[in-house]
Amino acid sequence: MGALISGIGGIFPYFVPVSLPRPAVIFFEYICFPFLTLLVAFGRKTWQDFFKTFGLFLGLNFLAGGCFHFLYERFPFFKQNSYQLVTFFAAFFFLCMFMKKGMEIIRGNFVEKQIYIPVVLQVGEKSISATGLMDTGNHLKEPISQKPVIIIEKELLRKEGICLSENNFFAIPYHSIGNKAGIMRGFIAEEITIGREQDSRKLQQVMIGICEEKLSGTGEYSLILNPML
């Protein structure tokens, strides 16, 4: 979807009415479409992080375009029709060179930072610290309350010595790959803290689903977070 929006932005100037003022065309082409592209492709954790990345994205595009413009103006052969292919590959080379590092930073801000997130659960008198996986495919809800469900390994609860009464459990129907349907036991955590200290948020009365199997084969995470939270 992000690539589609970016593509529409690329051809947008060719379809706008002639009467549309040039500043408006520039605003849509260089601000609106890049903004939507990043928002759809990467989402956002905080608006502060998003606008930092948005500024980096625009800066890299401006820098790459500036390099191409410099070559085009300083070297006359770039203007000749017979060298259009050379011009294209030169622009592509500079774009790749400058965008490579920039995209690594963007991925660091939006993807890597969000994949593995520290989580602290408050269950009764006990506090559990663990690493959660931000999985955009987890849209599990408790069917009656419609609360989003965070999935936790049963083994983690066992290690932490968490014993819950059978009266406190909820039945949560679910679907998963390789398992058409099933029932997961769930309970309410009094409080959960998601994120690091400087960028964390606390949620009250969060639904937790208990997975009987190990969630990560390598042990990198023991919870699967819900993007609706």
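Before reading further, recall that the structure is shown in the block above.
Values in this document were obtained by computation on a predicted structure and should not be read as measured data.

Looking now at the overall build of the protein chain. Across its full length, the protein chain holds five helices and seven strands. In sequence order, the protein chain lays out its α and β elements as α-α-α-α-β-β-β-α-β-β-β-β. A buried classification covers 34% of the 229 residues belonging to the protein chain. In the protein chain, the proportion of contacts linking residues at least 24 apart, taken out of those at least 6 apart, comes to 60%. About 14,500 Å² of surface is accessible on the protein chain, with carbon and sulfur atoms providing 62% of the total.

Before going further, it helps to examine the pattern of salt bridges. Scanning the entire structure with this criterion turns up two salt bridges. Between Lys 154 and Glu 212 there is a salt bridge; the shortest N-O distance is 3.3 Å. With Lys 154 in helix α5 (residues 154–159) and Glu 212 in the loop between β6 (201–211) and β7 (223–225), this pair connects stretches of sequence that are 58 residues apart. Taking relative accessible area as the criterion, Lys 154 reaches 37% and is therefore assigned partly exposed. Ionic pairing is found between Glu 155 and Arg 158, a salt bridge with its closest N-O pair at 2.4 Å. Pair noted here: Glu 155 and Arg 158 are both in helix α5, with a separation of three residues, about one helical turn.

Formed by 23 residues in total, the largest nonpolar core has its most connected members in Leu 121, Ile 150, Ile 152, Ile 192, Ile 208 and Leu 223. Mapped by element, the contributors of at least two residues to this core are β1 (116–123), β2 (126–134), β3 (149–153), α5, β5 (179–194), β6 and β7. If near-sequence neighbours (up to four positions away) are discounted, Ile 208 is found in contact with Leu 121, Val 149, Ile 150, Ile 152, Arg 185, Gly 186, Phe 187 and Ala 189.

In this structure the tally under the stated criterion is four aromatic pairs. Ring centres 5.6 Å apart and planes at 85 degrees place the aromatic pair Phe 35 and Phe 54 in the edge-to-face group. Taken together, the positions of Phe 35 in helix α2 (residues 22–42) and Phe 54 in helix α3 (residues 47–74) put the pair 19 residues apart, joining distant regions of the chain. What makes Phe 35 partly exposed here is its relative accessible area of 21%. The exposure class of Phe 54 is buried, given its relative accessible area of 9%. Three or more aromatic residues joined by ring pairs make a cluster, and in this case those are Phe 35, Phe 51 and Phe 54. Over the ring of Phe 169 we find Arg 185, and its NZ or CZ is 4.1 Å from the ring centre.

About the criteria used
- One numbering rule holds for all chains: residues counted from 1, following each sequence as written.
- With pLDDT at 70 or above as the cut-off, local features in this predicted model cover only qualifying residues; side-chain atom pairs require 80 or more to be listed or tallied, and sums for whole chains, interfaces and linings still use all residues.
- As a rule here, side-chain values cover all heavy atoms of the structure and leave hydrogens and water aside.
- We count a stretch as a helix when DSSP gives it H or I for four or more residues in a row; a strand needs E for two or more, and each element gets its number in order from the N terminus.
- Relative accessibility under 20% of the residue-type maximum defines a buried residue, over 50% an exposed one, and the middle range a partly exposed one, all with a 1.4 Å probe and only protein chains included.
- The contact criterion used throughout is that any non-hydrogen atoms of two residues lie within 4.5 Å.
- Surface accessibility in these figures is a Shrake-Rupley result with a 1.4 Å probe; residues are shielded only by whichever protein chains are displayed.
- A pair is scored as a salt bridge if a Lys or Arg side-chain nitrogen falls within 4 Å of a carboxyl oxygen belonging to Asp or Glu.
- Take the buried residues of types Ala, Val, Leu, Ile, Met, Phe, Trp, Tyr and Cys, join any two whose side-chain atoms come within 4.5 Å, and each joined set is a nonpolar core.
- Two aromatic rings from Phe, Tyr or Trp, using only the six-membered ring of Trp, form a pair when their centres are within 6.5 Å; if the ring planes differ by under 30 degrees the pair is stacked, by over 60 it is edge-to-face, and anything between is tilted.
- Two conditions define a charge sitting above a ring: the NZ of Lys or the CZ of Arg must be within 6 Å of the ring centre, and it must be within 35 degrees of the ring normal.

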